[in-house]
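This is what each chain is made of:
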Amino acid sequence: MIVSWMTTNRCNLRCEHCYQDAAERTDRELSTAEAKEMIDGIARAGFRVMIFSGGEPLMRPDIYELVSYAAGRGLRPVFGTNGTLITDAVAAKLKEAGAAAMGISVDSLDRDRHDQFRGLPGAFDRTMAGIEACRRAGLPFQIHTTVLQWNRDEVCEITREAERLGARAHYIFFLIPVGRGVNVQPEALDVVANEDLLCQIMHTSTEVSIEVKPTCAPQFTRVAKQLGVETRFSRGCLAGLTYCVVGSEGIVRPCAYMVDEAGDVREQPFDEIWASSPIFKRLRTRAYSGACGSCEFAEGCGGCRARAAYYHQGDVMAQDDYCAHGMGLACAS
């Protein structure tokens, strides 16, 4: 099971698609002591992987202490970071603290396009320097890419570059328009383009030695089956099943792109929220409606619950309209 903690709303970049609308730290972010109490609850709930995300998690002063604490509680600490703050010293301290892997964002191999999307001139070069620092420190890393129309033709090339750089994996994020992401929604792929890229990604996954996983596109499990591509991932959407997020102020949600609140770790221990929250219980019924409810691939895919809610007035159990199979359109080939 995996939990993602948005450690802070503070960030040194201004990414066009940021789901958290990250900028400055808020005055209600969890303290070190509160974060440790939350980590205790996460461990009691049986979680195994804890993602330190943001904002930019490396801007939180107590990050090394909290990573060490999580590791000491039997969790596997990993990161979602823009990579621009990773120096040799930072990479060494992260490894010493117990960080198991770094997820580093690279959205284009064209530095100018990457920098524009990330909102900071020079971001690409600093990210590449961060990747090299991880390599020198022996700190495993993977590449994360958010896909839109402007970079869709680069995605599979980024996979090959990730392999060349020594990454363990390439995770490809499909846009859900929340936070600042609403401003770039017109750049999101349509349903047919979405399907076509998933096919390309799964074909490419057979040509490289690293793990490749589409994220927020659970239909990839169906596409893999239809193409006869083997993948270790047996489930698409994990929200509320084996995954959830905790915001910087302690609010628990099924995923980073869903507005439904499961609870507040300041008011109730995390493990109790995980076990008893109504929204989690509802998601665990898997009683989907529409095309998702009648789909023969529902058990493995489940449809994107965040996208279903966004396009169906908050109904987290509605059909995911971003599915060529469910819409009766041409699919996996």
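Presented here is an overview of the structure given in this document.

What counts and what doesn't
- Residues numbered from 1 in each chain as written.
- Predicted model: local features only at pLDDT ≥ 70, side-chain atom pairs only at ≥ 80, totals over all residues.
- Heavy atoms only, no water.
- Core = buried A, V, L, I, M, F, W, Y, C linked by side-chain atoms within 4.5 Å.
- Buried < 20%, exposed > 50% of the residue type's maximum accessible area, 1.4 Å probe, protein only.
- Contact = heavy atoms within 4.5 Å.
- Helix = DSSP H or I, 4+ residues; strand = E, 2+ residues; numbered from the N terminus.
- Lys, Arg positive; Asp, Glu negative; His and termini not counted.
- Salt bridge = Lys/Arg side-chain N within 4 Å of Asp/Glu carboxyl O.
- Polar contact = N/O pair within 3.5 Å; in protein donor to acceptor, adjacent residues only side chain to side chain.
- Phe/Tyr/Trp six-rings, centres within 6.5 Å; stacked < 30°, edge-to-face > 60°.
- Lys NZ or Arg CZ within 6 Å of the ring centre and 35° of its normal.
- Axes fitted to C-alpha atoms, helices over the stretch in contact; angles between N-to-C directions.
- Parallel < 35°, antiparallel > 145°, perpendicular 65-115°, else oblique.
- Nonpolar A, V, L, I, M, F, W, Y, C, P; charged D, E, K, R; others polar.
- Pairing = 2+ DSSP bridges.

## Remarks on the nonpolar core
- Core analysis: the largest hydrophobic core is formed by 94 residues, its most contacted members being Met50 and Phe270.
- Contacts of Met50, omitting those with residues within four sequence positions, involve Val3, Trp5, Met38, Ile39, Ile42, Ala70, Leu75, Arg76, Pro77 and Val78.
- Ranked by size, the runner-up nonpolar core spans 5 residues in total, among them Leu148, Leu175, Ala188 and Tyr322.

## So, the environment of Ile86
- Note that Ile86 resides in the loop between β3 (76–81) and α3 (88–97).
- C-alpha separation for the pair Ile86 and Asp62, spaced 24 residues apart in sequence, amounts to 16 Å.
- Beyond its immediate chain neighbours, meaning those up to four positions away, Ile86 contacts Leu58, Thr81, Ala91, Met102, Ile104, Ala129, Gly130, Ala133 and Cys134.

## Let's talk about the side chain of Arg305
- Structurally, the position occupied by Arg305 is in helix α12 (residues 305–311).
- One buried charge, Arg305, has no salt-bridge partner; the nearest side chain with opposite charge is Asp320, at 6.0 Å.
- Here Val316 takes part through its backbone oxygen, which lies 2.7 Å from a polar atom of the side chain of Arg305.
- The contact partners of Arg305, leaving out residues within four places of it in the chain, are Cys237, Met258, Leu283, Tyr288, Cys292, Val316, Met317, Ala318 and Asp320.

## Things to note about the packing of aromatic side chains
- If you walk through the whole model with that rule in mind, you get 9 aromatic pairs.
- Here Phe47 and Trp274 contribute two aromatic rings whose centre-to-centre distance is 4.8 Å and whose plane-to-plane angle is 70°, an arrangement assigned as edge-to-face. Taken together, the residues Phe47 in the loop between α1 (32–44) and β2 (49–53) and Trp274 in helix α9 (residues 270–276) connect sequence positions 227 residues apart. For the pair formed by Phe47 and Trp274, the shared burial category is buried.
- Arranged with centres 6.2 Å apart and planes meeting at 75°, the rings of Phe220 and Phe233 form a pair that is edge-to-face. Linking Phe220 in helix α8 (residues 220–227) with Phe233 in the loop between α8 and β8 (243–246), this pair joins segments that are 13 residues apart in sequence. In this pair, the class of Phe220 matches that of Phe233, namely buried.
- Through a chain of ring-to-ring contacts, the aromatic side chains of Phe47, Phe270, Trp274 and Phe280 assemble into a single cluster.
- Just above the ring of Tyr171 sits the side chain of Lys213; from NZ or CZ to the centre is 5.8 Å.

## Some thoughts on the packing of helix α2 (residues 63–72) against α3
- Relative orientation of the contacting elements α2 and α3 amounts to 30°, with a least axis distance of 8 Å. Here α2 is positioned roughly parallel relative to α3, judged by the angle of their axes. On α3, the residues touching Tyr64, Val67, Ser68 and Ala71 of α2 are Val90, Lys93, Leu94 and Ala97.
- Taken together, the residues that form the contact of α2 with α3 break down as 6 nonpolar, 1 polar and 1 charged.

## Topic: the side chain of Glu154
- Inspection of the secondary structure puts Glu154 in the loop between β5 (141–147) and α6 (155–165).
- For Glu154, a relative accessible area of 13% gives the class buried.
- Looking at Glu154, its side chain comes within polar contact range of the side chain of Ser108, at 2.7 Å.
- Every residue in contact with Glu154, bar those within four places of it in the chain, is listed here: Ser108, Leu109, Asp110 and Arg113.

## Considering the sheet that holds strand β1 (residues 2–6)
- Read from one edge of the open sheet, 10 strands run β7-β6-β5-β4-β3-β2-β1-β8-β9-β10, paired in mixed fashion. Of all the strands in the sheet, the pair left with one neighbour each is β7 (211–215) and β10 (263–264).
- Relative to β5, strand β4 (residues 101–105) is paired through 4 bridges, and the arrangement is parallel. Note that in β5 the partner of Met102 across the bridge is Phe141.

## A short note on the pattern of salt bridges
- For the coordinates displayed, the defined rule picks out 20 salt bridges.
- Between Arg73 and Asp40 there is a salt bridge, with the nearest N and O atoms lying 2.8 Å from each other. One end of the pair, Arg73, is in the loop between α2 and β3; the other, Asp40, is in helix α1, with 33 residues separating them in the sequence.
- Taking the relative accessible area as the measure of exposure, Asp40 reaches 19% and is therefore buried.
- One network of salt bridges, in which partners are shared, links Arg152, Asp153 and Asp196.

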